[in-house]
Amino acid sequence: MSVLRPQDQLPGLNTATILLVGTEDALLQQLADSMLKEDCASTLKVHLAHSLPLPSNVNRPRIDLIVFVVNLHSKYSLQNVEESLHHVDATFFLGKVGFLATGAGQDSHCSVHQNTVLKLAHTYRSPLLFCDLEVEGFRATMAQRLVRMLQICAGHVPGVSALNLLSLMRSSENPFLEDP
């Protein structure tokens, strides 16, 4: 059982790597394709994983950002993300992990309540984004946002760090989840 650490590999020159973790393979692939279409000064690498841990015998690049994708229509999706979180080193949660909840547009079909995912993101002190990945326009907008987050987490935006990004995104969260 290997734990994924942010400093396992040296950073690649002008390269940014994101790991998308989730059970919805087709949606993750569509999101990855949308991200790769974005105009970016860095070389983008998008890796997909159904769950963690990743195989330890594979040579992989340094991962700059991990996004856990939860489908609100599937309790299995949430369970998979919760189990995968145990394989991520605590230092990743200093601005290099995010959660993406998809399927919120069809609230009547949800088997996972949005508050459950909100509490999960709050527990891990990580940003939570909502997007219906099945809609092309929403997926393209989310791809732009993730590429920008990835550039910041990879250190390619001068003057802004992953911790700065985390504090900016946390200030816009719901106040009822803040600690007393």
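Rules behind the numbers
Residues numbered from 1 in each chain as written. Predicted model: local features only at pLDDT ≥ 70, side-chain atom pairs only at ≥ 80, totals over all residues. Heavy atoms only, no water. Helix = DSSP H or I, 4+ residues; strand = E, 2+ residues; numbered from the N terminus. Rg over C-alpha atoms; globule rule 2.2 N^0.38 Å. Buried < 20%, exposed > 50% of the residue type's maximum accessible area, 1.4 Å probe, protein only. Contact = heavy atoms within 4.5 Å. Areas by Shrake-Rupley, 256 points an atom, 1.4 Å probe, with all protein chains shown as cover. Lys, Arg positive; Asp, Glu negative; His and termini not counted. Charge placed at Lys NZ, Arg CZ, Asp CG, Glu CD. Salt bridge = Lys/Arg side-chain N within 4 Å of Asp/Glu carboxyl O. Expected span 1.5 Å × (residues − 1). Arc of directions from axis to C-beta. Polar contact = N/O pair within 3.5 Å; in protein donor to acceptor, adjacent residues only side chain to side chain. Pairing = 2+ DSSP bridges. Right-handed = clockwise from strand over helix to strand, strands pointing away.

Colleague: Is there a simple way to think about the overall build of the protein in this case?
Modeller: Summing up its helical and strand segments, the protein has 5 helices and 5 strands in all. For the protein, the succession of helices and strands along the chain, N to C, is β-α-β-β-α-β-α-β-α-α. Taken over C-alpha atoms, the radius of gyration comes to 15 Å for the protein, in line with the 16 Å a tight globule of 180 residues would show. With the C-alpha coordinates aligned to their principal axes, the bounding extent of the protein is approximately 45 × 40 × 35 Å. Buried residues in the protein amount to 48% of all 180 residues. Considering only intrachain contacts with a sequence separation of at least 6, the fraction spanning at least 24 residues in the protein is 78%. If you sum the accessible surface of the protein, you get close to 9300 Å²; carbon and sulfur atoms cover 52% of it. Across the protein, 13 positive and 17 negative side-chain charges occur, with their mean positions spaced 6 Å apart.

Colleague: Explain the pattern of salt bridges here, please?
Modeller: Any two side chains of opposite charge can pair, so long as their charged atoms come close to each other. Counted under the stated rule, the structure contains 2 salt bridges. Its salt-bridge partner being Arg-62, residue Asp-64 comes within 3.5 Å of it at the nearest N-O pair. The pair Asp-64 / Arg-62 is uniform in exposure class, with both members buried. Measuring nitrogen to oxygen at the nearest pair gives 2.4 Å for the salt bridge that ties Glu-136 to Arg-139. Placement of the pair is Glu-136 and Arg-139 together in helix H4 (residues 136-153), with a separation of 3 residues, close to one helical turn. With a relative accessible area of 44%, Glu-136 lands in the partly exposed category.

Colleague: Explain the environment of Val-147 to me, please; I cannot follow it from the model alone.
Modeller: Tracing the backbone through its elements, the reader meets Val-147 in helix H4. Note on Val-147: relative accessible area 4%, which makes it buried. Residues contacting Val-147, with those up to four places away along its chain left out, are Met-35, Glu-38, Cys-40 and Leu-44.

Colleague: What is the right way to read helix H1 (residues 25-37) from this model?
Modeller: Note: α-helices contain 3.6 residues per turn, so residues at a spacing of three or four share the same orientation. Taking 1.5 Å as the rise per residue, H1 with 13 residues should run 18 Å; its terminal C-alpha atoms sit 18 Å apart, in good agreement. Buried within H1 we find Leu-27, Leu-28, Leu-31, Ala-32, Ser-34 and Met-35. Projected onto a plane normal to the axis of H1, the buried residues spread over an arc of 160 degrees and lie on a single side. Away from the buried face of H1 by more than 90 degrees, exposed residues Ala-26 and Lys-37 are located. Close packing links the buried residues of H1 with strand S1 (15-21), strand S2 (43-49), strand S3 (65-71), strand S4 (97-102) and H4.

Colleague: Looking at this model, I keep getting lost on helix H2 (residues 75-84). Mind explaining?
Modeller: For H2, the complete set of buried residues consists of Ser-77, Leu-78, Asn-80, Val-81 and Ser-84. Each buried residue of H2 lies within a common arc of 160 degrees when the element is viewed along its axis, so the set occupies one face. Those residues of H2 that are buried lie in contact with S1, S3, S4 and helix H3 (114-123). Structurally, the start of H2 carries an N-cap: the backbone nitrogen of Tyr-76 is 3.3 Å from a side-chain oxygen of Ser-74.

Colleague: Just to check I follow, could you spell out the pairing of S4 for this structure?
Modeller: Consecutive side chains of a regular strand alternate in pointing toward one face of the sheet and then the other. With 6 of 6 residues buried, S4 is to be regarded as a mostly interior element. Taking every second residue as pointing to the same face, both faces of S4 are buried, with Val-97, Phe-99 and Ala-101 on one and Gly-98, Leu-100 and Thr-102 on the other. The pairing of S3 with S4 spans 6 bridges and is parallel. Bridging from a neighbouring strand, Ile-66 pairs with Val-97 of S4. After leaving S3, the chain enters H2 and then returns to the sheet as S4, a path that is right-handed. By the bridge criterion, 3 bridges tie S4 to strand S5 (residues 128-130) in an arrangement that is parallel.

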